[in-house]
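So the chains spell out like this:
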Amino acid sequence: MEAGEAKSKKAGGPRLCCICNQRRPVLKRPKTLQQICRECFYEVFEEEIHQVIVVNRLFKSGERVAIGASGGKDSTVLAYVLSELNRRHSYGLDLFLLSIDEGITGYRDDSLETVKRNELQYGLPLQILSYKDLYGWTMDEIVKMIGLKNNCTFCGVFRRQALDRGAALLKVDKLVTGHNADDIAETVLLNILRGDIARLSRCTSITTGEDGPIPRCKPFKYTYEKEIVMYAYFKKLDYFSTECIYSPNAYRGFAREFIKDLERLRPRAILDIIKSGEDFRIATTTKMPEQGTCERCGYISSQKWCKACVLLEGLNRGLPKMGIGRARGGINGDHTRETKAGSKSIETKQCGSLDF
Amino acid sequence: MACNSSGCESGCNGREKENGGKTEEVAVAGGVNQESVCVKCKCNEPMVFGDGGSEDGRFCADCFRNNVFGKFRLAVTSHAMITPSDNVLVAFSGGSSSRVALQFVHELQIKALKNYEASRDRSLPVFGVGVAFVDESAAYPSLSTGMVDAITWIRSTVADLSPPEKDLHVVPIESVFGSDSLEARDRFVKLLDSVSDETGKEDLLLHLRMLSLQKVASENGYNRLVLGSCTSRLASHVLTATVKGRGYSLSADIQHVDARWKVPIELPLRDCVWQEITRLCHLDSLKTVELARHPQSGINDLVSSFVALLQEENPSRECTIVRTAAKLTPFYFNKIPETDDSCVPLATQRRLKKFNLKYDGSMTTEAFCPICNGPLNRSDSSDLNTLDGCLETDDVLYAACCSSCRFQILPQDRSSLEHFGSLLPHHMISQAKHQKVNSQAYLRERIKDCLLLDNEEAV
Ligand SMILES: [Zn+2]
Ligand SMILES: [Zn+2]
Ligand SMILES: [Zn+2]
Ligand SMILES: [Zn+2]
Ligand SMILES: [Zn+2]
């Protein structure tokens, strides 16, 4: 069956939640298409995440854990659910929110306000580190220096490292991020499309960087984006919808649209893609590419200097174009086809949350 | 260059008439740097296909053709796909890919025949070629009328490819259910009807198609089965397999050789893209027949249109996808099983050695899904072990299947499993029951050089 709807239709009379069989169902669970009530939804949603944490032994009691908080829906729900589970199941974690202030006027202001409210709402301490703290430059200053055109190179590189640098600065044991099942499925597909076998073998790991200074983990690995939105909606959680204002073309890419289409046709496909990613037969030698550290800052890097340090060096020497790769766009599309082919990327966002 | 101007004198006018305005469009698109001579031989006039694809107008007809045939021949020789003593069955659907596969195998055979006639001792026999067409009209009743014409056309196409003469086997897909054609058809229709998932139905049909090809191959003494699958087809397969959670077994499906079947499957066109195939058909006037399929709305179709979109964005995307999947570790059966056949020429043996991939011995599997014949991951097959001693057909069937077939082909309602099992071809059911015996035999095969007794009794 593409959809599991038939079950609920069999039962005659007034429809009841197919989990508790008591209350009226108010939603169709995106992952399973079961019609369930709100209470049961909270229950299964939280319990699944708890199981993922337990089965994968994500945390040890007494650990200091930073939740990467952007104010967006994923990290907001993550912060809420984690603090709830920490209390309920006595994980014994020292949780706090870690936010990065890129220094983009009018962009972070609102989302940081959201995170600040979350601090109060969930009783979690908040640490904000600015790009100025981490890199010595704000995004606005960078844009002033290089113009709007190439900022996404900086955006992506700096953002990718910001949380790790911040976590190292604050001496945490673990960093958790709100990457959800849709994100991971998308990454699996993109790595296949790009031919990146090394990343393909790593991208479904629930914990990464265990050999590095600070392991990162993704408790939402099996959680559907739609369910996260639904949870935030019903719980009336306070979140900020983030889109990078410096990236007006951060449209949904082919891969993301494809995943949404798949989900409509067969909700389980997202989990199946992740399963495939976990099961791919990849030789162990491919799995561990040589990874050194940056000579300047100690961050993981395959080159002598990491990308951020190269970009910073350029900025500091007044040569901002240094380290910026080949220009984007200009795909040699056939103009007779629909133009959308040429103007779209296969990725979701050029500087989006994927790398966060 | 000449073709960009309206007054082209290099004979493009005639072609422009044929292709409508397309030639011009391509030139304007800037995708083609039109030279007046072929970039390979630097003397002949390049071909302009006007299909809007990449590399149009770069090669002359001969060089284009040689290039495609060269890829085919390299695949054949480097994997010892066809040796003189072989009897090869080509699966021909009437479509472009299998038409090209058939053509190329035919050309190899002609060459082999010439060599045979020219050689003094006539020591190397010429390999045999047969053609199989699977009649799927039982699945698509609307096809029935067109099928008669299609089969007539296929007969004449195959007849035209002689000498050397080729047997044609037209196999109704329901033949795997037994020799009584009415009863077989009835069971086939019932089985298909009991699969509610559209994609599951399509895939089951593919599995049954393969079973019928295997059946006709082994019943008629063929030892190789050639399929026309090209890069583009495999690229779609990589993504559909990923989306269906079949990541583990994927690498088995996309290699040049797949010997998990009784008659090993070979994909000599694995390295040719669809565009090359269609261009070649156009160039050599190879006719094809398209049987109208029923409209598909499942996962497979969604993936196909996704791949088409990607291909538009980047013409080499299909190749990249297949190249990624090719980096996955293949299975022990992804090569022609070694034989003592002294007919394999030394040169072939050497080439085989040179191209043979390294196999990771620790990653082999021993159990296969009875429905799709995909190798099972340990996590999937763990259920099999917990069911020790339980021989109820339905439980064994469920436990023996891969997670993908469980979801999209088996009935969701466990109580109807037994009925479903009774509809499956005998071959599939017996495979489920003998799963364990098979795996035992396979394990034995791997350690036989260390065993002191020949028979099972030693265990
Ligand atoms: Zn309920
Ligand atoms: Zn940006
Ligand atoms: Zn660095
Ligand atoms: Zn030429
Ligand atoms: Zn299967």
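An unreviewed UniProt entry annotates chain B as Cytoplasmic tRNA 2-thiolation protein 2 originating from Eutrema salsugineum. Looking at the Sequence similarities (unreviewed entry) heading of the UniProt record, one finds this comment for chain B: "Belongs to the CTU2/NCS2 family."

As annotated in an unreviewed UniProt entry, chain A carries the name Cytoplasmic tRNA 2-thiolation protein 1 and comes from Eutrema salsugineum. Database annotation for chain A, UniProt heading Pathway (unreviewed entry): "tRNA modification; 5-methoxycarbonylmethyl-2-thiouridine-tRNA biosynthesis." Looking at the Subcellular location (unreviewed entry) heading of the UniProt record, one finds this comment for chain A: "Cytoplasm".

Take the overall build of chain A next. Counting its regular elements, chain A contains 15 helices and 10 strands. The buried share of chain A, taken over its 356 residues, is 54%. For chain A, the share of sequence-separated contacts (at least 6 apart) that also reach a separation of at least 24 residues comes to 72%.

Before going further, it helps to spend a moment on the interface of chain A and chain B. Contact residues are listed per partner, giving 37 residues for chain A and 48 residues for chain B. Between chain A and chain B, roughly 4000 Å² of surface is buried when both sides are summed, and carbon and sulfur atoms account for 63% of that area. If you look at where chain A meets chain B, you find one salt bridge. Counting only elements with at least two residues in the side of chain A that touches chain B, the list comes to helix 8 (181-194), helix 9 (197-202), helix 11 (254-265) and helix 12 (269-279) of chain A.

The subject of this paragraph is the coordination of the zinc ion (ligand 1). All names here are of chain A. Bound to the zinc ion (ligand 1) on the protein side are C17 (SG), C20 (SG), C37 (SG) and C40 (SG), at distances that span 2.2 to 2.3 Å. Of note is the zinc ion (ligand 1), whose four donor atoms meet at the metal with angles of 101 to 117 degrees in an arrangement that counts as tetrahedral. By relative accessible area, which is 1% here, C37 ends up buried.

All names here are of chain B. Confidence along chain B averages 82 in pLDDT terms, with 76% of residues attaining 70 or more. Here residues 1-32 scores under 50 on pLDDT; set against residues more than four positions off or in separate chains, the count is 32 contacts. Scored below 50 in pLDDT, residues 384-391 shows 11 contacts in the model against residues more than four places distant or in partner chains. Both scores are given for the predicted complex: the pTM is 0.84, the ipTM 0.83.

What follows covers the pattern of salt bridges. Tallying each qualifying case throughout the model produces 46 salt bridges over all chains. Note that D183(A) and R256(A) form a salt bridge whose closest N and O atoms lie 3.0 Å from each other. Residue D183(A) is located in helix 8, and its partner R256(A) is located in helix 11; the two are separated by 73 residues in the primary sequence. Grouping residues by exposure puts D183(A) and R256(A) together as buried. Close ionic contact of R317(B) with E313(B) constitutes a salt bridge, the shortest N to O distance being 3.1 Å.

Residues and elements named next belong to chain A. One open sheet holds the six strands; their spatial order is 5-4-3-6-8-7, and the pairing between them is mixed. Both edges of this open sheet fall to strand 5 (126-130) and strand 7 (207-208), since each of them pairs with a single strand only. Of the strand pairs in this sheet, strand 6 (residues 174-176) and strand 8 (residues 216-217) are connected by two bridges, and their pairing is parallel. Among the inter-strand pairings, L175 is bridged to a residue of strand 8, identified as R216. With respect to the sheet, helix 3 (residues 73-88) is in contact with strand 3 (64-68), strand 4 (94-101) and strand 6, its orientation differing from that of strand 3 by roughly 155 degrees.

To continue, consider the sheet that holds strand 1 (residues 87-91) of chain B. Residue and element names in this part refer to chain B. The sheet built from six strands is open, its strands ordered 3-2-1-4-6-5 with mixed pairing. Across the chains shown, the open sheet's two edge strands, defined by having one partner strand only, are strand 3 (167-172) and strand 5 (257-258). Here strand 4 (residues 224-226) pairs with strand 6 (residues 265-266) via two bridges, running parallel. Pairing of V226 across the sheet is with E266, part of strand 6.

The rules we used
Residues numbered from 1 in each chain as written. Chains lettered and ligands numbered in written order. Predicted model: local features only at pLDDT ≥ 70, side-chain atom pairs only at ≥ 80, totals over all residues. Heavy atoms only, no water. UniProt positions renumbered as here; feature names shortened; annotations may be inferred. Helix = DSSP H or I, 4+ residues; strand = E, 2+ residues; numbered from the N terminus. Buried < 20%, exposed > 50% of the residue type's maximum accessible area, 1.4 Å probe, protein only. Contact = heavy atoms within 4.5 Å. Buried area = accessible area lost by both parts, 1.4 Å probe. Salt bridge = Lys/Arg side-chain N within 4 Å of Asp/Glu carboxyl O. Donors = N, O, S within 2.8 Å, 3.2 Å for Na, K, Ca; no water. Tetrahedral: all angles 85-135°; square planar, octahedral: opposite > 155°, others 65-115°. pLDDT = per-residue confidence, 0-100. Pairing = 2+ DSSP bridges. Axes fitted to C-alpha atoms, helices over the stretch in contact; angles between N-to-C directions.

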